[in-house]
Amino acid sequence: MPEFTLPPLPYAFNALEPHIDARTMEIHHDKHHAAYVNNLNAALKDQPDLQSKSIDDILKNINAVPEGIRTAVRNNGGGHYNHTMFWEIMGPDGGAPSGALADAINATFGGLDQLKAAINDAGVKRFGSGWSWLVKDGGALKVISTANQDCPLMDGQYPVLGVDVWEHAYYLNYQNRRPDYLAAWWNTVNWDAVAKRFSG
Ligand code: MN3
């Protein structure tokens with residue numbers, strides 16, 4: 001049967017230092033993300049129809065998942081998708097938004113600094129665990145946050161960029177200082193990858 005698999009991290013564990021430390025990246029990818037993949041496969045073990053779908057399609061139609069496994073698929077399927085995106089939109093080379101993405105950020109938020117402030121604010125205000133996102137909602141860009149591993153795809157929105165604000169994403173380096181982690185995190189954003197998601 002087809003199974004979901006843990007994608008390899010597209011750079012070394014220490015590639016995002018000093019902003020995100022190697023040990024955090026190793027645990028986050030090899031333990032946390034791996035567990036979401038394993039638990040998703042376990043939840044879908046008797047569901048050949050769902051096994052043959054993409055994770056995107058499963059999340060977009062989360063209410064079509066049988067009730068008995070829906071919470072497990074929501075949490076672990078969301079966790080799989082969200083982390084796959086998270087690794088993709090980070091990288092050691094940084095850069096800045098350009099082209100159509102930069103234009104849309106300027107038109108919607110007034111500039112990159114304002115977008116960062118909105119994402120950071122949504123991330124700081126997310127009580128407990130979750131994510132802060134830049135999403136496409138119809139034709140519009142919006143900043144939202146979600147709880148747990150909920151994914152914007154579940155609400156018909158497309159995640160252009162998202163930052164994990166679970167403590168496991170930052171606790172070793174930043175302890176309880178989520179605002180400091182969020183401020184540093186922007187140094188790790190791979191804007192070319194974000195632009196691909198924006199135009200895709
Ligand atoms: Mn995480």
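Report on the accompanying structure. (Residues numbered from 1 in each chain as written. Predicted model: local features only at pLDDT ≥ 70, side-chain atom pairs only at ≥ 80, totals over all residues. Heavy atoms only, no water.)

Attention now goes to the coordination of the manganese ion. The protein atoms that coordinate the manganese ion are His 28 (NE2), His 83 (NE2), Asp 164 (OD) and His 168 (NE2), at distances of 1.9 to 2.1 Å. Between consecutive donors of the manganese ion, the numbers of intervening residues give the motif H-x54-H-x80-D-x3-H. (Donors = N, O, S within 2.8 Å, 3.2 Å for Na, K, Ca; no water.)

Time to look at the packing of helix H6 (residues 112-125) against helix H8 (residues 178-185). Relative orientation of the contacting elements H6 and H8 amounts to 150 degrees, with a least axis distance of 10 Å. One finds that H6 runs roughly antiparallel with respect to H8. By crossing handedness, the relation of H6 to H8 is classed as right-handed. Here H6 contributes Asn 120, Gly 123 and Val 124 to the contact with H8, which in turn contributes Arg 178, Pro 179 and Leu 182. Of the residues contributing to the contact of H6 with H8, the split by class is three nonpolar, two polar and one charged. (Axes fitted to C-alpha atoms, helices over the stretch in contact; angles between N-to-C directions. Helix = DSSP H or I, 4+ residues; strand = E, 2+ residues; numbered from the N terminus. Parallel < 35°, antiparallel > 145°, perpendicular 65-115°, else oblique. Left-handed = near helix turned anticlockwise from the far one by under 90°. Contact = heavy atoms within 4.5 Å. Nonpolar A, V, L, I, M, F, W, Y, C, P; charged D, E, K, R; others polar.)

As a further point, take the sheet that holds strand E2 (residues 140-147). Strand order in this open sheet of three strands is E2-E1-E3, and the pairing throughout is antiparallel. Each having just a single partner strand, E2 and strand E3 (158-164) make up the two edges of the open sheet. Direction aside, neighbouring strands of the sheet carry axes that sit 20 degrees apart on average. Inspection of the sheet shows strand E1 (residues 130-137) paired to E2 by eight bridges, in the antiparallel sense. Note that in E2 the partner of Gly 130 across the bridge is Ala 147. (Pairing = 2+ DSSP bridges.)

Our next topic: the environment of Arg 70. Looking at the secondary structure, you find Arg 70 in helix H4 (residues 67-88). In this structure, the C-alpha to C-alpha distance between Arg 70 and Lys 142, residues 72 residues apart in sequence, is 27 Å. The residues touching Arg 70, leaving out its near neighbours within four places in the chain, are Ile 62, Asn 63 and Val 65. One polar contact links the side chain of Arg 70 to the main-chain carbonyl oxygen of Val 65, over a distance of 2.9 Å. (Polar contact = N/O pair within 3.5 Å; in protein donor to acceptor, adjacent residues only side chain to side chain.)

Most of E3 sits out of view: six of its seven residues are buried. Direction of pairing for E1 relative to E3: antiparallel, over a ladder of six bridges. When the sheet's bridge partners are listed, Leu 134 is paired in E3 with Leu 161. (Buried < 20%, exposed > 50% of the residue type's maximum accessible area, 1.4 Å probe, protein only.)

Here Glu 17 and Pro 18 are connected by a cis peptide whose omega angle stands at 5 degrees. Within the secondary structure, Pro 18 is located in the segment before helix H1 (22-43). Here Asn 148, not a glycine, exhibits a phi torsion of approximately 55 degrees, which is positive. Within the element layout of this structure, Asn 148 appears in the loop between E2 and E3. The backbone of Gln 175 shows a phi angle near 45 degrees, a positive value even though the residue is not glycine. Turning to its location among the elements, Gln 175 is positioned in the loop between helix H7 (171-174) and H8.

Note that Ala 102 resides in helix H5 (residues 99-109). Along the sequence, Ala 102 and Pro 48 sit 54 residues apart, while their C-alpha atoms lie 42 Å from each other.

Here the structure, examined in full by the defined rule, presents seven salt bridges. Between Asp 137 and Lys 142 there is a salt bridge whose closest N-O contact spans 2.6 Å. Given the relative accessible area of 36%, Lys 142 is considered partly exposed. Across the pair Asp 180 and Arg 177 runs a salt bridge, and its minimum N-O distance is 3.1 Å. Taking relative accessible area as the criterion, Asp 180 reaches 36% and is therefore assigned partly exposed. The partly exposed category is assigned to Arg 177, whose relative accessible area is 33%. (Salt bridge = Lys/Arg side-chain N within 4 Å of Asp/Glu carboxyl O.)

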